[in-house]
Amino acid sequence: MDKLLITGGRTLEGEVPVSGAKNAALPIMCTALLTQDPLKLANVPALMDVRTMAQLLAQMGVEVGARSNGGIELRARTITNPEAPYELVKTMRASVLVLGPLLARCGQASVSLPGGCAIGARPVDQHLKGLQAMGARIEVEHGYLNARAERLRGARIALDLVTVTGTENLMMAATLAEGLTVLENAAREPEVADLARCLNAMGARIEGAGSDVIRIEGVRALCGAAHRVMPDRIESGTFLAAAAATGGRVRLLGAAPATLEATLQKLREAGARVAVAGDSIEIESDTRPLSVSLCTAPYPGFATDMQAQFMALDAIARGTALISETIFENRFMHALELQRLGADITIQGNTAVVKGVERLQGAKVMATDLRASASLVIAGLVAHGDTLIERIYHLDRGYESIEAKLAGLGARIERVN
Ligand code: UD1
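Keep in mind that what you see is a predicted model, and the values were worked out from it rather than measured.

**Examining the overall build of the protein chain**
- Tallying secondary structure elements over the protein chain gives 14 helices and 24 strands in all.
- For 417 residues, the compact-globule estimate of 2.2 N^0.38 gives 22 Å, and the C-alpha radius of gyration of the protein chain, at 21 Å, lies within 12% of that figure.
- Each principal axis of the C-alpha atoms in the protein chain carries an extent, and together these give about 65 × 45 × 40 Å.
- Once local pairs closer than 6 in sequence are excluded, the contacts in the protein chain between residues at least 24 apart make up 74%.
- About 15900 Å² of surface is accessible on the protein chain, with carbon and sulfur atoms providing 48% of the total.
- Of the side chains in the protein chain, 43 bear a positive and 45 a negative charge, and the two mean positions are spaced by 1 Å.

Following this line, the structure appears as structure tokens:
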């Protein structure tokens, strides 16, 4: 199994291109299920999760092809098998995003329940509640959600909590429903808005995506479209946090600064100089960072997907930070690994107390989930000596060529077998 070997102590300098957003690409790929026509996507990141989604769609009968510009083309002329099997769902929870589109297009879907997940229980009750309000009948049989419906009907759905993929699933289902669907307490994440842009290009009638009330007027059929996936704000934030931790000067190219405001504000609080110009973001830092306390929240609050990376930054900062995680239970597993590198972190319920230490020391550590892996990479970049990160398949799920990009910025990092 691949590992990452990092020799810490180098500052990061240079330019790095931002990849397409994983969390936008995955739901957008599922929109192919809603039409017989081709969907042409650009700026799709080359990631394990994207390959898993392509595999999932292919086994349903979707034709998946590569485009010359590095993008992909998906075409669901017919759906032969409206099923998401356990083997794929267990490796990627976002597989549940096929449920809404399959039900809307085929009137039936069978999707394995995702089951436990390293960062908490992560139920899908809100997805089901919304689909049921649209007229779906859903049963759990042998670990699968079996859903059926004639044509879905538009409905007013007030979500009990903010859920990103729940909002996306219901928005996709509603595009082909009869009449108007209103989603209240919808997720405002930029990836939801990007999905709506793609759906509207396909002929859907969606208003309000990006706000907490989304109105979807159902149409009879959708057509093909071309869409460019938005830049990845979490990958962007990860590189910026790495540069703030190591010091140096890094410029991100092809970023979406407007989607990163909470992160940029925290980086400035940490003492970094951050400058935005068009789609580039430059960060410069030459002193030990200051501690920054934070509390995760749905967008536009501070992203839970950036929490682990900031814990690594706080681990070597001046002062003590309080980090509260309000979205997922059990999302502090990286704290234990950071402690192996010498970090001083105490967990009290959903809050981590991080006392900055002057130096971390390299050690063997284990990646436990995607963003936890990113925090270990940042810690490895600042630690003295060698850090060997095991189980980096988590990292490969969500970061495109991370070691090549960091090496391009001057980091000493290599993939070893
Ligand atoms: C998405 C992102 C993930 C990010 C998360 C929160 C994708 C593919 N993944 O995950 O990277 O960390 O948003 O920003 O976009 N919940 C329920 N019932 C439901 C649905 C959710 O109780 O039906 C709870 C979850 O357990 C969690 C919270 O709501 O505590 C938020 O989860 P949600 O926004 O649904 O996360 P995902 O969409 O799975």
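**Considerations on the sheet that holds strand E8 (residues 137-141)**
- Read across the open sheet, the four strands follow the order E6-E7-E9-E8; overall the sheet is mixed. Strands at the two margins of the open sheet, each flanked by one partner only, are strand E6 (83-84) and E8.
- Pairing of E6 with strand E7 (residues 108-112) involves two bridges; the strand directions are parallel. Residue pairing for E7: Ala-84 is matched across the bridge by Val-111.
- Against the sheet, helix H4 (residues 99-106) makes contact with E6, E7 and strand E9 (144-148), and its axis sits at roughly 160° relative to E7, the strand it touches most.

**Describing the packing of helix H5 (residues 125-133) against helix H6 (residues 164-175)**
- Interaxial distance between H5 and H6 falls to 8 Å at its minimum, and their mutual angle equals 20°. When the interaxial angle is binned, H5 and H6 end up roughly parallel. Handedness of the H5/H6 crossing: right-handed. Within the contact between the two elements, H5 uses Gln-126, His-127, Gly-130 and Leu-131 and H6 uses Thr-165, Gly-166, Asn-169, Leu-170 and Ala-173.

**A word on the environment of Glu-184**
- Residue placement: Glu-184 occurs in strand E11 (residues 180-184).
- You can call Glu-184 partly exposed: its relative accessible area is 23%.
- For the pair Glu-184 and Arg-197, spaced 13 residues apart in sequence, the C-alpha separation works out to 19 Å.
- The contacts of Glu-184, once residues within four sequence positions are left out, are Arg-156, Ile-157, Ala-158, Leu-159 and Asp-212.
- One polar contact links Glu-184 to Arg-156, side chain to side chain, over a distance of 2.8 Å.

**Description of the site of the ligand**
- The immediate surroundings of the ligand are formed by 19 residues, with Gln-126, Thr-163, Thr-165, Asp-305 and Ile-327 found nearest.
- Residue Thr-163 places a side-chain N or O atom 2.7 Å away from an oxygen atom belonging to the ligand.
- Put simply, the parts of the chain that give the shell around the ligand at least two residues each are H5 and H6.
- In terms of residue count, the dominant contributor to the shell around the ligand is H5 (three residues).
- Along the lines of polarity and charge, the residues of the shell around the ligand split into eight nonpolar, six polar and five charged.

**As for the pattern of salt bridges**
- Using the criterion set out here, one finds 22 salt bridges in the structure.
- Across the pair Lys-129 and Asp-160 runs a salt bridge whose closest N-O atoms are separated by 3.0 Å. Linking Lys-129 in helix H5 with Asp-160 in the loop between strand E10 (156-158) and H6, this pair joins segments that are 31 residues apart in sequence.
- Since its relative accessible area comes to 30%, Lys-129 is described here as partly exposed.
- On the basis of relative accessibility, which here comes to 56%, the residue Asp-160 falls in the exposed class.
- Taking the shortest distance from any N to any O, the salt bridge between Arg-288 and Glu-358 comes out at 4.0 Å. Here Arg-288, found in the loop between strand E17 (280-285) and strand E18 (294-295), pairs with Glu-358, found in the loop between strand E21 (351-355) and strand E22 (364-366); they are 70 residues apart in sequence, far enough to count as distant.
- The class for Arg-288 is partly exposed, based on a relative accessible area of 27%.

Basis of the calculations
- Numbering of residues starts from 1 in each chain and follows the order in which that chain's sequence is written.
- For a predicted model such as this one, the threshold for reporting local features is a pLDDT of at least 70, and the threshold for listing and counting side-chain atom pairs is 80 or more; totals across whole chains, interfaces and linings nevertheless cover every residue.
- To get the side-chain values, all heavy atoms of the structure are used, and hydrogens and water are removed first.
- Only DSSP runs of H or I covering at least 4 residues are called helices, and only runs of E covering at least 2 are called strands; the numbering of each starts at the N terminus.
- The reference for a compact globule is 2.2 Å times residues^0.38; the radius of gyration itself is calculated from the C-alpha atoms.
- Any two residues having at least one pair of non-hydrogen atoms within 4.5 Å are treated as being in contact.
- Exposure was quantified through the Shrake-Rupley algorithm and a 1.4 Å probe, taking into account, for residues, occlusion by the shown protein chains and nothing else.
- Only four residue types enter the charge count, namely Lys and Arg as positive and Asp and Glu as negative; His and the chain termini do not.
- Charge placement uses NZ in Lys and CZ in Arg. For Asp and Glu, CG and CD serve respectively.
- Criterion used throughout: strands pair if DSSP finds at least two bridges between them.
- Only the stretch in contact is used when fitting a helix axis, every axis being a line fitted to C-alpha atoms; angles between N-to-C directions are given from 0 to 180 degrees.
- Just so you know how the angles are binned, under 35 degrees is roughly parallel, over 145 roughly antiparallel, 65 to 115 roughly perpendicular, and the rest oblique.
- When the near helix sits turned anticlockwise from the far one by under a right angle, the crossing is termed left-handed; a clockwise turn instead gives a right-handed crossing.
- Relative accessibility decides the category of a residue: with a 1.4 Å probe and only protein chains considered, values under 20% of the type maximum give buried, values over 50% give exposed, and everything between is partly exposed.
- Definition of a polar contact: a pair of N or O atoms within 3.5 Å, with one able to donate and the other able to accept a hydrogen when the atoms are protein atoms, and with sequence-neighbouring residues admitted only if both atoms are side-chain atoms.
- Note on terminology: near, applied to a residue and a molecule or strand, indicates that one of the residue's heavy atoms is within 4 Å of it.
- Nonpolar residues are Ala, Val, Leu, Ile, Met, Phe, Trp, Tyr, Cys and Pro. Charged residues are Asp, Glu, Lys and Arg, and all others, Gly as well, are polar.
- One speaks of a salt bridge when a side-chain nitrogen belonging to Lys or Arg is within 4 Å of a carboxyl oxygen belonging to Asp or Glu.

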